[in-house]
Amino acid sequence: MKRFKAMLGTAAATATLAVGLLGTAGTAEAATTGSWLGCDDGWVCVYAEGQEPTAGTVTSGYYTYGAHNFVNELNFHWVTNNQTGGATATLCYGYDGTNCTGPTIPAGVAINVNLTDFNSIVLNP
């Protein structure tokens, strides 16, 4: 059974690694399956505010389909969707997966987004 797990990272990021992985378009795509930028296979991960997505900056992760409320996720964060099978993740303005008119993140993609106005994320099969 899938489960929710909050993950904390503590390692420092290297700017050259982040630039090499992310490019300049504001999105990144996974090259392979498995752990990607510190986000395990099958998970959607949120990284520390203002930090490039690296193995050391994951602050929370979501594994089960459905709605997950954010806690203290303000300002710009990278969000990666490392789910498998084409599963997407949608940002929602309301709690408990309501008013989900924010961006939908395809599998294998990371976006840098201001989470201040978003209160939840929905993992879609």
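Residues numbered from 1 in each chain as written. Predicted model: local features only at pLDDT ≥ 70, side-chain atom pairs only at ≥ 80, totals over all residues. Heavy atoms only, no water.

1. Comments concerning the overall build of the protein chain
Secondary structure assignment for the protein chain yields one helix and nine strands. Sequence-ordered secondary structure for the protein chain, helices as α and strands as β, is α-β-β-β-β-β-β-β-β-β. Out of the 125 residues belonging to the protein chain, those deemed buried represent 42%. Counting contacts in the protein chain only where the partners sit at least 6 residues apart, residues at least 24 apart contribute 68% of the total. (Helix = DSSP H or I, 4+ residues; strand = E, 2+ residues; numbered from the N terminus. Buried < 20%, exposed > 50% of the residue type's maximum accessible area, 1.4 Å probe, protein only. Contact = heavy atoms within 4.5 Å.)

2. Focus on unusual backbone geometry
The backbone of Asn-75 sits at a positive phi, close to 70°, despite the residue not being glycine. Relative to the elements of secondary structure, Asn-75 occurs in the loop between strand E4 (66-69) and strand E5 (76-81). The exposure class of Asn-75 is partly exposed, given its relative accessible area of 36%. The phi angle at Asp-96 is positive, at roughly 60°, despite the residue not being glycine. Along the chain, Asp-96 turns up in the loop between strand E6 (88-92) and strand E7 (104-105).

3. Description of the state of the cysteines
The tally for this structure, following the rule as stated, stands at two disulfides. What pairs with Cys-39 in a disulfide is Cys-45, and their sulfur atoms sit 2.2 Å apart. Sign of the S-S torsion, about 85° for the bond between Cys-39 and Cys-45, identifies this disulfide as right-handed. Residue Cys-39 shares its accessibility class with Cys-45, and that shared class is buried. Note on cysteine connectivity: Cys-92 is disulfide-linked to Cys-100, with sulfurs 2.0 Å apart. (Disulfide = S-S within 2.5 Å.)

4. Description of the nonpolar core
Core analysis: the largest hydrophobic core is formed by 15 residues, its most contacted members being Phe-70, Val-79, Leu-91, Ile-111, Val-113, Leu-115 and Ile-121. Elements that contribute at least two residues to this core include exactly strand E2 (44-47), E6, strand E8 (109-114) and strand E9 (120-124). Among the elements that take part in this core, E8 stands out by supplying three residues, more than any other. (Core = buried A, V, L, I, M, F, W, Y, C linked by side-chain atoms within 4.5 Å.)

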